[in-house]
Structure formats: C-alpha cells, structure tokens
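# Summary of the model geometry
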Amino acid sequence: MLPLLWPATLETAQMVGWSAVFTLLLGLPLGVALVVFDRNGLRPAPALKSALGFVVNIGRSLPFIVLMIAIIPFTRVVVGTTIGTAAFVVPLTVGAVPFFARLVETALREVGTDVVQAAQAMGASRTTIVRKVLLPEALPGLVAGLTVTVVALIGYSAMAGTLGGGGLGDLAVRYGYQRFETLLMIVTVVLLLVIVQLLQSLGDWVARRLSHK
C-alpha cells in the first residue's frame, strides 16, 4: 500500500498547504474589512460592509462539490487545466476564504472595546490599531480559526479527489470504492483521521500558548 499512500498523502498535503496559504492571505484582510467597515467599526461604511457580507454569505452557502463544478471555467483560466493537484487549489481557496473570513471577524469582535478605545485616546491611527491592537489581541482566536479552516480543507481535498484532484480522496474512490479494496479504504480513512487529529492538537496547543488567559 505504501507506493500508493505516500504519493497520495503528498498530493493532499500540497493541496491543503497551498490552499491554506492563499486562504490566509485573502481571508484575513477580508475578515478585518468586515470588522473595520462595520457600523461601529474603525471606519464605518455600512453599505460596503453589507456588500462584503453578502459575498461572504454566498461563498459559505454553496456546497463544496457544487462550487468545484461551478467555477471550472475560472479554474481553467487561472491554472490552465481543471484536473490535478494544482487545479484544485483554486476551488479549495475559493471555498475556504469566506469561511475563514467569518472566523477572523468573530475573533476580532472578541477583542475588548476598552483596548481599542485606549489606543484611539493615545492618537493611534486606524492602521496602527488593526496591526498592533486588534490582530495581536485576537491572535489565539485567529490561530484557532485557521486550524479549523485547515481541517475543513482536508475534508474538501478528499471531495476534490472525486473529480480528478488526486490525493487521498482520489485513492479512496479509485481503489476503495471502484475496486472494492476495503483494507485500503480503511487505511486511508485512518490516515485522514490521524492527520486531522495531529493538526487540531497542534493548533490548539499554539492557541493556548498565545492566549493571555
């Protein structure tokens, strides 16, 4: 089984890893914008906040299997192909960014208003408050949110295997389902469970270390 499991595990790691990086780069600013442009935010813009919230809600409401199919033309434009590990980084990122943005928004809202008001009283700019107050204070929650997102990406990547994305999901479908290799299916499931448990434990440990409590 090792010649099958090892390449599939690497493909899953590549899909999840790159998708997590792009999700962090896109989802973090989007989540910050949802808080900053809120009615009671640092730069109130209710119309813009509503528009961003509408886009985020649409992204979260679509089942991932539907999203993968719906953005096939966009994936082809970005990557040049619609199959393979690299191609499915696109739908994975598109599906995870709205999810992570909401988690970022929730984490930032948990920062005490007194801390923000103190920074404003000292004359700190909005950018400084975001960079040196909101994000550092919300860091444990942000790490926890990123951990949940990465775990969700692992599940998404398994679904991507059903449409030619490769990885452990593809291995489970081709050998476990189509060829009735029950043992290989069980090993694949156990391997996914182990990966998820390790990542979740690591994320929880880092969040606890960063917590001020």
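Everything quoted here is computed from the prediction, not taken from an experiment.

## A word on the UniProt feature "domain: ABC transmembrane type-1" (unreviewed entry) in the protein chain
Those places that UniProt annotates as "domain: ABC transmembrane type-1" (unreviewed entry) correspond, in this numbering, to residues 9-201. End C-alpha to end C-alpha, residues 9-201 measures 19 Å, and it is 82% helix and 0% strand.

## Things to note about the UniProt feature "transmembrane region" (unreviewed entry) in the protein chain
Summarizing the sequence annotation, UniProt attributes the feature "transmembrane region" (unreviewed entry) to residues 15-38, 50-72, 78-101, 141-163 and 183-207 in the numbering used throughout. Secondary structure content for residues 15-38 is 92% helix and 0% strand, and the end C-alpha separation is 33 Å. Within the segment residues 50-72, helix and strand shares are 87% and 0% respectively, and the terminal C-alpha atoms sit 28 Å apart.

## Quick word on the pattern of salt bridges
Under the definition given, this model contains 6 salt bridges. Between R102 and E105 there is a salt bridge; the shortest N-O distance is 2.7 Å. Taken as a pair, R102 and E105 lie in helix 5 (residues 85-109) at a separation of 3 residues, close to a single helical turn. The pair R102 / E105 is uniform in exposure class, with both members buried. One salt bridge in this structure joins R109 and E105, with 2.9 Å as the shortest N-O distance. Highlighted residues: R109 and E105, both in helix 5, separated by 4 residues, approximately one helical turn. Among the charged side chains, a network of salt bridges with common partners joins D38, K49, R102, E105 and R109.

About the thresholds
- Residues numbered from 1 in each chain as written.
- Predicted model: local features only at pLDDT ≥ 70, side-chain atom pairs only at ≥ 80, totals over all residues.
- Heavy atoms only, no water.
- UniProt positions renumbered as here; feature names shortened; annotations may be inferred.
- Helix = DSSP H or I, 4+ residues; strand = E, 2+ residues; numbered from the N terminus.
- Salt bridge = Lys/Arg side-chain N within 4 Å of Asp/Glu carboxyl O.
- Buried < 20%, exposed > 50% of the residue type's maximum accessible area, 1.4 Å probe, protein only.

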